[in-house]
Amino acid sequence: MRRYEVKGPCPELGMVLSRLVAEMSPGESAVVVSKWRYVLEDVKNAAGLLGLEVVSTSEGPDGVEVVVRKPTKHEH
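Residues numbered from 1 in each chain as written. Predicted model: local features only at pLDDT ≥ 70, side-chain atom pairs only at ≥ 80, totals over all residues. Heavy atoms only, no water.

1. What to know about the pairing of strand β4 (residues 63-69)
Of all 7 residues in β4, 5 are buried; the element is thus mostly enclosed. In this structure, strand β2 (residues 29-34) lies alongside β4, joined through 6 bridges in antiparallel fashion. Bridge assignment links A30 to a residue of β4, and that residue is V68. As defined by bridge partners, strand β3 (residues 53-60) adjoins β4 across 7 bridges and the pair is classed as antiparallel. Looking at β4, one finds that E59 is bridged to V64. Between the end of β3 and the start of β4, which pair antiparallel, lie 2 residues. (Buried < 20%, exposed > 50% of the residue type's maximum accessible area, 1.4 Å probe, protein only. Helix = DSSP H or I, 4+ residues; strand = E, 2+ residues; numbered from the N terminus. Pairing = 2+ DSSP bridges.)

2. A word on the nonpolar core
Judged by nonpolar contacts, the single largest core of 18 residues is most densely connected at L20, V39, V43 and V68. Looking at this core, the elements with two or more residues in it are β1 (2-6), α1 (12-23), β2, α2 (38-46) and β4. Residues contacting V68, with those up to four places away along its chain left out, are L20, M24, E28, S29, A30, V43, L52, E53, V54 and V55. (Core = buried A, V, L, I, M, F, W, Y, C linked by side-chain atoms within 4.5 Å. Contact = heavy atoms within 4.5 Å.)

If you want it as structure tokens, here you go:
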């Protein structure tokens, strides 16, 4: 699974999400990790607009993780 790290505040999240969408293949999952809590909510809010599904989210002392998946063309 690909791993994408957001190390700083905006606009880095937008750049990371753009790269993620461009690099992922349909059916593939990836994890976005960050020490910044806002990343969790922003990824959840943006996923649908980017054609991604949020598979899981977690929050711990080291930060947040959001697993996203790019659906295949046949999925709705």
